[in-house]
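The chain contents come next:
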Amino acid sequence: MTISSASQDSYPHQMELIWSRSEKTVARTAFDAALGRELHEVIHKTKQMANAIQQSADLWDLEHYLTQRRKEIDRKYEYRYSRLTQVFGRLLNEKRISEQELRGLRADKMKPIRSFAKFLAETDAVA
């Protein structure tokens, strides 16, 4: 017996997690809070750097800092449900969110989040 191509394509994302409405609310709240805190840090550091500008090189250092941080933040904060467990794992590892903020996510979400955070912690310890 062979499986038709239509049947094979019926479930292209079988392993993709299903997010309930309440989980989506928890995820959005935690995501926005972490992003807001990180942007606040960037604003604070930017103000410090701007106040310390003495020469043109300092101006370009500020520009470089902002460009690098924008790229890092754009890469890190990707709000797609297919990527959120990795995003939250990274944020948990970096201590940018707490498990308390993720309370309300089911075990099928928390297990990969914790697992990825642990993997990153072990990777950081080796490096």
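About the thresholds
Residues numbered from 1 in each chain as written. Predicted model: local features only at pLDDT ≥ 70, side-chain atom pairs only at ≥ 80, totals over all residues. Heavy atoms only, no water. Helix = DSSP H or I, 4+ residues; strand = E, 2+ residues; numbered from the N terminus. Buried < 20%, exposed > 50% of the residue type's maximum accessible area, 1.4 Å probe, protein only. Contact = heavy atoms within 4.5 Å. Areas by Shrake-Rupley, 256 points an atom, 1.4 Å probe, with all protein chains shown as cover. Axes fitted to C-alpha atoms, helices over the stretch in contact; angles between N-to-C directions. Parallel < 35°, antiparallel > 145°, perpendicular 65-115°, else oblique. Left-handed = near helix turned anticlockwise from the far one by under 90°.

Participant: Tell me about the overall build of the protein chain, and please be specific about residues and values.
Facilitator: Across its full length, the protein chain carries five helices and zero strands. Ordered by position from the N terminus, the helices and strands of the protein chain form the series α-α-α-α-α. Across the 127 residues of the protein chain, 26% fall into the buried class. Across the protein chain, every contact between residues at least 6 apart in sequence was considered, and the portion connecting residues at least 24 apart equals 69%. Of the accessible surface of the protein chain, which amounts to about 9200 Å², a share of 54% is contributed by carbon and sulfur atoms.

Participant: I'd love a proper account of unusual backbone geometry, names of residues and values included.
Facilitator: Residue Lys-95 is not a glycine yet carries a positive backbone phi of 60°. Take Lys-95: it is sitting in the loop between helix 4 (84–93) and helix 5 (107–126). On the basis of relative accessible area, Lys-95 is assigned to the exposed category, the value being 71%.

Participant: Can you lay out the packing of helix 2 (residues 21–51) against helix 4 for me, pointing to particular residues and giving the numbers?
Facilitator: Two numbers describe how helix 2 lies on helix 4: the axes approach to 11 Å, and their chain directions differ by 45°. Classified by the angle their axes make, helix 2 and helix 4 are oblique. Relative to helix 4, the crossing made by helix 2 is left-handed. In contact with Ala-27, Ala-30, Phe-31 and Ala-34 of helix 2, helix 4 contributes Leu-84, Val-87, Phe-88 and Leu-91.

Participant: With reference to specific residues and values, describe helix 4.
Facilitator: Burial of helix 4 is extensive: eight of the ten residues sit out of reach of the surface. Buried residues of helix 4: Leu-84, Thr-85, Val-87, Phe-88, Gly-89, Leu-91, Leu-92 and Asn-93, and no others. Turning to helix 4, the residues buried within the fold contact helix 2, helix 3 (56–76) and helix 5. Looking one or two places after helix 4, you find Lys-95, whose phi comes out positive at around 60°.

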